[in-house]
Amino acid sequence: MGAPVQYRPIRSLTASRGTSCRPRSGVVSGYVLRLIREQQGCTQEGFAERLGVSADTIAGWESGRRSLTAVPVGQMLATRHRLMHLGAAPSLLHTFERALEADVLLAGALESEVPIASSALGSMVMQRDLIEILAWPLSGRPPRGIRELPDRVRSRRGPAPAGPELSSSERARFFANMRRTAEEARDGDQFLLRRQALYLAGLNDQDDTGSWLAHQQRAERPTDWLSNWLNQRSVAMVSARHGDQDRLASFIDTALTDEAGAAANLNYWAYWIGEIPLELSDTFIADSTPQRWSGHKLLAHLADGLTIDHGYLDLNIHTIWSLLQARPNLLHPGAATTVLRDRLPMMLDSAGISTRGRRELESIRYAIRLAEA
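Since we're looking at a predicted model, the values are computed, not measured. (Residues numbered from 1 in each chain as written. Predicted model: local features only at pLDDT ≥ 70, side-chain atom pairs only at ≥ 80, totals over all residues. Heavy atoms only, no water.)

**Some points on the overall build of the chain**
Counting its secondary structure elements, the chain contains 17 helices and 0 strands. Here the C-alpha radius of gyration of the chain, 22 Å, is about what a compact globule of 373 residues would show, namely 21 Å. On the principal axes, the C-alpha backbone points of the chain span a range of 60 × 60 × 35 Å. With 373 residues in all, the chain has 49% of them scored as buried. Sequence-distant contacts, at least 24 apart, represent 73% of the contacts inside the chain between residues at least 6 apart. Carbon together with sulfur atoms contributes 52% to the accessible area of the chain, which is approximately 18,100 Å² in total. Between the mean site of the 43 positive side-chain charges and the mean site of the 42 negative ones, the chain shows a separation of 4 Å. (Helix = DSSP H or I, 4+ residues; strand = E, 2+ residues; numbered from the N terminus. Rg over C-alpha atoms; globule rule 2.2 N^0.38 Å. Buried < 20%, exposed > 50% of the residue type's maximum accessible area, 1.4 Å probe, protein only. Contact = heavy atoms within 4.5 Å. Areas by Shrake-Rupley, 256 points an atom, 1.4 Å probe, with all protein chains shown as cover. Lys, Arg positive; Asp, Glu negative; His and termini not counted. Charge placed at Lys NZ, Arg CZ, Asp CG, Glu CD.)

Rendered as structure tokens:
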């Protein structure tokens, strides 16, 4: 038997003793505040006057030197009300609130000495809007709401970052801490923490990420059905992000074919895009009884992701097929159904569709035609 695989650390987790490695803890919310200011066409001085603070405070918030998460709750609420009265877009205000949460999570994830048991990552099941913002300074990809913003009213003077930024050492520390968290979160009540740490560790583009994830799946064999299902899903999704589509295909073929797996998949997606309110644990995913969510938002999300270059295309197709079987009323005319119907011919003409995906797309097209007849 060969020697066990050793996974090298991403980089040193901590600075040398006596050297502070405490990160800036307001980089995401500060950048979103900057976007709000720019959408209003204000200078930092003019914005400061409107918010009743100094220009230096605005500059500190926007750069992350002064963390917005350290602002007293009362002052933050007053600031948010002022931003609302200034005409800040509701989508930007929502992003701002999520960015504050993301900064708290980032600060905790960058602290190497935080005990695993007290990690905030295991305090709730995260949804897409929070994950996208949390991943922004790690991946460089803005969340959808930011990508869809209109052009700035006021152009920037001089060089400026294209998004919230972490230093290379902060990024390395974050990913190393996510690996450590996933490896050490072994108690039964730490499964959610482990799963979310695995997901975030998978955002790393380091060469050994895929093999490390596969090793983690082999090393962890949950005994209950839900934990095992979620473990398979997490590793399959992250592996697909790193180019391993076979693991995702295997997950669809083995974990989504029965009633329990199909229901769990729909519950997971509905929660992910916000059709189900925030939950503190994963247990709702295993509920096979009819859920109090309509599916309209989920169908719109999945139809929008029906593109040949989507990293989870097979899962998107299968989930649409499964959703329409569970909720045939969604086939009634509507914006999402129109998008879906219009994209089907292009998808079916594409060469990169799997045999299962093509079969399910044909079934979806036939169901739409019957509903429209």
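Once you've had a look at it, read on.
**Overview of the side chain of Glu170**
The residue Glu170 is located in helix 8 (residues 168-184) in this model. Only 2.9 Å separates the side chain of Glu170 from the backbone nitrogen of Ser167, close enough to count as a polar contact. (Polar contact = N/O pair within 3.5 Å; in protein donor to acceptor, adjacent residues only side chain to side chain.)

**Overview of the packing of helix 11 (residues 225-241) against helix 12 (residues 245-255)**
Across the interface, helix 11 lies against helix 12 with an axial gap of 7 Å and an inter-helix angle of 150°. When the axes of helix 11 and helix 12 are compared, the pair comes out roughly antiparallel. The handedness of the crossing between helix 11 and helix 12 is left-handed. Residues Trp229, Gln232, Arg233, Val235, Ala236, Met237, Ser239 and Ala240 of helix 11 form the contact with helix 12, whose participating residues are Gln245, Arg247, Leu248, Phe251, Thr254 and Ala255. (Axes fitted to C-alpha atoms, helices over the stretch in contact; angles between N-to-C directions. Parallel < 35°, antiparallel > 145°, perpendicular 65-115°, else oblique. Left-handed = near helix turned anticlockwise from the far one by under 90°.)

**Describing the pattern of salt bridges**
Counted by the stated rule, this structure contains 18 salt bridges. A salt bridge links Glu62 to Arg37; the shortest N-O distance between them is 2.6 Å. In this pair, Glu62 is assigned in helix 3 (residues 55-63) and Arg37 in helix 1 (residues 27-39), connecting sequence segments 25 residues apart. The exposure classification of Glu62 matches that of Arg37, with both residues buried. Taken together, the shared-partner salt bridges in this structure form one network comprising Arg144, Glu148, Asp304 and Arg343. (Salt bridge = Lys/Arg side-chain N within 4 Å of Asp/Glu carboxyl O.)

**Considering helix 4 (residues 73-85)**
In this model, helix 4 (13 residues) spans 18 Å end to end at C-alpha, consistent with the 18 Å of a helix rising 1.5 Å per residue. Inspection of helix 4 places Met76, Thr79 and Leu83 among the buried residues, and these make up the whole buried set. Viewed along the axis of helix 4, the buried residues span an arc of 60°, placing them on a single side of the element. Contacts from the buried residues of helix 4 go to helix 1, helix 2 (44-51) and helix 5 (90-110). Where helix 4 ends, the next residue or the one after it, Gly87, has phi of about 95°, a positive value. (Expected span 1.5 Å × (residues − 1). Arc of directions from axis to C-beta.)

**Examining the environment of Leu93**
Topologically, Leu93 is positioned in helix 5. In sequence terms Leu93 and Val32 are 61 residues apart; their C-alpha atoms lie 8.8 Å from each other. Contacts of Leu93, omitting those with residues within four sequence positions, involve Arg80, Leu83, Met84 and Ala88.

**Some words on the nonpolar core**
With 105 residues, the main nonpolar core has Leu83, Phe96, Phe174, Leu200, Trp229, Leu340 and Leu361 as its most contacted residues. For this core, the element with the most residues is helix 5, which contributes 10 residues. With residues up to four places along the chain from it excluded, the contact list for Phe174 reads Leu106, Ala109, Leu110, Leu138 and Leu200. (Core = buried A, V, L, I, M, F, W, Y, C linked by side-chain atoms within 4.5 Å.)

**Observations regarding the packing of aromatic side chains**
Overall, the coordinates contain 6 aromatic pairs when judged by the stated rule. On the numbers, 6.2 Å between centres and 25° between planes, the contact of Trp225 with Trp229 is stacked. Taken together, the residues Trp225 and Trp229, both in helix 11 and 4 residues apart, mark about one turn of the helix. On the accessibility criterion, Trp225 (39% relative accessible area) is partly exposed. An aromatic cluster of three or more residues is present, and its members are Trp225, Trp229 and Phe251. Taking the ring centre of Tyr268 as reference, the NZ or CZ of Arg233 above it sits at 3.7 Å. Just above the ring of Trp293 sits the side chain of Arg327; from NZ or CZ to the centre is 3.8 Å. (Phe/Tyr/Trp six-rings, centres within 6.5 Å; stacked < 30°, edge-to-face > 60°. Lys NZ or Arg CZ within 6 Å of the ring centre and 35° of its normal.)

**Quick look at the packing of helix 8 against helix 9 (residues 191-201)**
The N-to-C vectors of helix 8 and helix 9 enclose an angle of 150°; their axes lie 8 Å apart at closest approach. Like other packed secondary-structure pairs, helix 8 and helix 9 cross with a definite hand, here left-handed. Residues Phe174, Phe175, Met178, Arg179, Thr181, Ala182 and Glu183 of helix 8 form the contact with helix 9, whose own contacting residues are Leu193, Arg194, Ala197, Leu198, Leu200 and Ala201. Partitioning the contact of helix 8 with helix 9 into residue classes produces 9 nonpolar, 1 polar and 3 charged. (Nonpolar A, V, L, I, M, F, W, Y, C, P; charged D, E, K, R; others polar.)

**Topic: the confidence of the model for the chain**
The predicted model of the chain has a mean per-residue pLDDT of 86, with 90% of residues at 70 or higher. Taken as a whole, residues 1-21 scores under 50 in pLDDT and shows 28 contacts with residues more than four places along the chain or in a different chain. (pLDDT = per-residue confidence, 0-100.)

**A short note on the environment of Gly163**
With respect to the secondary-structure elements, Gly163 resides in the loop between helix 7 (144-147) and helix 8. Look at Gly163 and you get buried, because its relative accessible area is 11%. Distance in space between the C-alpha atoms of Gly163 and Leu256 is 37 Å, their sequence separation being 93 residues. Sequence-distant contacts of Gly163, that is, excluding residues within four places in its chain, are made with Tyr31 and Trp136.

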